[in-house]
Amino acid sequence: MRFVVRRMGLFFLTLWAALTINFLIPRLMPGNEATAMLSHFKGVNPSALHALEVEFGVNNDQNLLVSYVQYLGNCLTGQFGLDSARVPVMTVILRGLPWTLGLVGVTTVIAFSIGTLLGIVSAWRRGGALDSLLSPLLFILTTFPVFFIALLLLFIFGVVLGWFPLSSNYSVGETPSLSVAFVLDVIGHAILPGVTLVVTAAGGWIYTMRNNMVSTLSEDYVRMARAKGLSPWRIMLDYSARNAILPNLTGFAMQLGFILGGSILVEYTFSYPGLGYLFFTGTTNHDLPLQEALFLFYTLAVLLCVLVADFATAWLDPRTRDA
Amino acid sequence: MASPQVFLPGAETQAADQGYRDAVGRLSRAVLRNRKATIGLLLLAIIVLVAAFPGLIAPGDPQAAIYEQQLGPSWSHLLGTTQVGQDVFTQLIWGTRLTLIITVSVGALCTLISVLVGVTAAYVGGVVDGSLSLLTDIFLIIPTLPLLIVLSTYLEGSGTVAIIAVLVVTGWAFGARQLRAQGLSLRTRDFLEAARVRGERRPYIILVEILPNMLSLVVASFLGSAVYTVATAAGLQFLGLGSSNEITWGTMLHFAQQNGAIESGNAFWALAPGAAVALLGTAFALLNYAFDEIANPALRSVRRQRAKSDS
């Protein structure tokens, strides 16, 4: 029970901190949303500036506390204001959400499975063919920036070999439907961005899983299992891997923040119209209400995953419950 | 028995010097014996030299738009030219300097904050530890790149200092957590107890007794932040944030991407600065891995351990 309270406490505290940071940034920085957006255009008309300020609710003569409460209320009800094209930010985000959710969700599951599996095998046959092949490869994958891998894949498989489309989420002229042709088209467009994310995300999981396995393999209970003459498969999966996977679950949250960050760069590279691409267009249009709402969305996503991972760890490993 | 010791002015700093000198000596010997560390240092040295003397390799103004636009690679333009007719190779060489300056200053500042927060939390304990740890956890969970993007959109046009500032704000937490953990494990050691019994002041204990024992972790924390900074700063500039009128590898990437360099047969314009970012990241990461191995012998590769036990 104490565990649940502590975890929920961190969840709400972090959420509150993110909301407050979001509230404070415009107020601590020089100018406000309206001036920032208008600084992009030349010859600012004072009445236009005032109109924008009223629209964004950045009225300077309002009490800070009042506007803070108002802001929290607006966030809870999903009212994030309008973007530069006068469309409610929420509508814009909901349009991009499914694409990012699909891309990041599927690739995370694939990367986690592949990473964990390779980590298990490489630690089990430590110093073997896979392990020695994997370690330099792993090094490259975890060190090379996400966008460089994206650009490389785009160049090799998109331009030189021409196997996959260069950008966007489905071909121009296709209408979204559930037909086989359309689904295949969507998958074809998602492969390069997806592979980039899998490749960069799996590295971290292989690395931690391998190192955890190496240490659980030297535990006494593994020696005991060997002495009892259990089958190697059973020792590898039920004894060693089962214990080694726990820290990987806890690290899930930090990895997710990393993957979400990577997905912004990947979506930009492949012009994939999800939330990450919106982030970029928000940058060029100085669309601060949009960006702040996106920041909250990403934070909420990570927080929810941290919570789920924490409870899963507690469920799987009783030792962590008193921590 | 021992006569009451007389502390001369300067004795403290002498003791500190001795402690650091021992630690530095041990570290540098370990670095030279490690192959990853040697390669990493070599790569870094080359990059530093290029950053220091770009004019020797690529004479000419990297900003001068005096050539034909969007040329492919040729002998006169090794990596082609940009959309306004600048030489990409010259930009790559001259961009090294600012890229390196940003990386090193963010790494150093992040480490400074990590040390301050981590060691204070571990040593002072209690409510201070509780609140500092909470702050660290919050900054660890909040996704970095989205926060960075929001911050830098506000600071658009304020240049290199602003980019360094936002990267430090978002990058210190990981190191702080590691340093706190190490600090906690040191806290109960006998030599610290002895220092406390001797009646040493807190700053003395932290600077002379604790920090030398954490030096390898402090260095590792710097290297880790540097690896983070190389990729994150470039990613941010790739998206078009940070001042785009100054040349770094990240801003080169941005203009290449905006002009469809990859698709339009000028791929090196984007791939070369990308590879340069990867190379700088690799140099720091090699050093970082090497430090991990030095600090944690269990991670050393099996082959070498076998070779050692055979001989």
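Here the residue numbering is sequential within each chain, running from 1 through the sequence in written order. Starting at A for chains and at 1 for ligands, labels are handed out in the order in which the entities are written. Only residues with pLDDT of at least 70 get local features here, since the model is predicted, and only at 80 or more are side-chain atom pairs given and counted; chain-wide, interface and lining totals rely on the full set of residues. Side-chain metrics rest on all non-hydrogen atoms present in the structure, leaving aside hydrogens and water.

A. Inspection of the overall build of chain A at higher detail. When helices and strands are counted, chain A shows 13 helices and zero strands. Beginning at the N terminus, the succession of helices and strands in chain A can be written as α-α-α-α-α-α-α-α-α-α-α-α-α. Only protein chains enter the accessibility calculation, which uses a 1.4 Å probe; a residue whose area is less than 20% of its type maximum is buried, one above 50% is exposed, and one in between is partly exposed. Within the span of chain A, comprising 323 residues, buried residues form 47% of the whole. The contact definition used throughout considers only heavy atoms, calling two residues in contact when any of these lie within 4.5 Å. Partitioning the intrachain contacts of chain A with sequence separation of at least 6 by distance along the chain shows that 72% fall at a separation of at least 24. Note on areas: these come from Shrake-Rupley sampling with a 1.4 Å probe, and a residue is covered only by the protein chains present in the view. By element, 69% of the accessible surface of chain A is carried by carbon and sulfur atoms, the whole surface being about 15,800 Å². Helix and strand definitions follow DSSP, with helices as H or I runs of at least four residues and strands as E runs of at least two, each counted in order from the N terminus.

B. Quick look at the packing of aromatic side chains. Stacked, tilted and edge-to-face are the three classes applied to pairs of Phe, Tyr and Trp rings, where Trp contributes its six-membered ring and a pair requires centres within 6.5 Å; stacked means planes under 30 degrees apart, edge-to-face means over 60, and tilted covers the rest. Applying the stated rule across the entire model yields 13 aromatic pairs over all chains. When the ring of A:Y207 is compared with that of B:Y289, the centres are 5.8 Å apart and the planes differ by 55°; the resulting orientation is tilted. Separated into two different chains, A:Y207 in helix α8 (residues 180-217) and B:Y289 in helix α12 (residues 268-295) make up a pair that spans both. A relative accessible area of 26% places A:Y207 in the partly exposed class. Taken together through their ring pairs, the aromatic side chains of A:F147, A:Y268, A:Y277, A:F280 and B:F238 make up a single cluster.

C. Just the nonpolar core, in detail. We define the nonpolar core as a collection of buried residues of types Ala, Val, Leu, Ile, Met, Phe, Trp, Tyr and Cys that are connected through side-chain atoms lying within 4.5 Å of one another. Counting residues in each nonpolar core, the largest one holds 126 residues, and the members touching the most others are A:F147, A:L294, B:I102, B:I149, B:W249, B:L280 and B:F284. Discounting chain neighbours no more than four positions away, the residues touching B:L280 are B:L44, B:I47, B:T99, B:L100, B:T103, B:V230 and B:W249. In this structure, B:V119, B:Y123, B:L186 and B:L211 belong to the second largest nonpolar core, which totals 14 residues.

D. The arrangement of helix α6 (residues 129-143) of chain A in detail. Residue and element names in this part refer to chain A. Take the residue count of a helix, subtract one, and multiply by 1.5 Å to get its expected span. Taking 1.5 Å of rise per residue, 15 residues should cover 21 Å, and α6 covers 22 Å from first to last C-alpha, within 8% of that figure. Maximal helix bending in α6 amounts to about 30°, located at S135; proline P136 follows within four positions. Among all positions of α6, only D131, L134, L138, F139, L141 and T143 are buried. A residue's bend is given by the angle between axes fitted to the 7 residues ending at it and the 7 residues starting at it.

E. View of the interface of chain B and chain A. Taken together, the contact between chain B and chain A spans 48 residues of the former and 47 residues of the latter. Put simply, buried area is how much 1.4 Å-probe accessible surface two parts lose in total, over both of them, once they are put together. Taken over both partners, the interface formed by chain B and chain A buries close to 4,500 Å², and the fraction arising from carbon and sulfur atoms is 80%. Summed over the three residues of chain B that lose the most area to chain A, namely B:I141, B:Y154 and B:L239, the buried surface amounts to 17% of that side. By definition, a salt bridge exists where a carboxyl oxygen of Asp or Glu is found within 4 Å of a side-chain nitrogen of Lys or Arg. The tally of links between chain B and chain A comes to zero salt bridges. Of all the secondary-structure elements, those providing two or more residues to the side of chain B that touches chain A are α5 (126-141), α6 (144-154), α10 (202-238), α11 (249-258), α12 and α13 (302-310) of chain B. Broken down by element, the residue count for the side of chain B that touches chain A peaks at 12 residues, all from α12(B). In this count, Pro and Cys sit with the nonpolar residues alongside Ala, Val, Leu, Ile, Met, Phe, Trp and Tyr, while Asp, Glu, Lys and Arg are called charged and the others, Gly among them, polar. Taken together, the residues that form the side of chain B that touches chain A break down as 34 nonpolar, eight polar and six charged.

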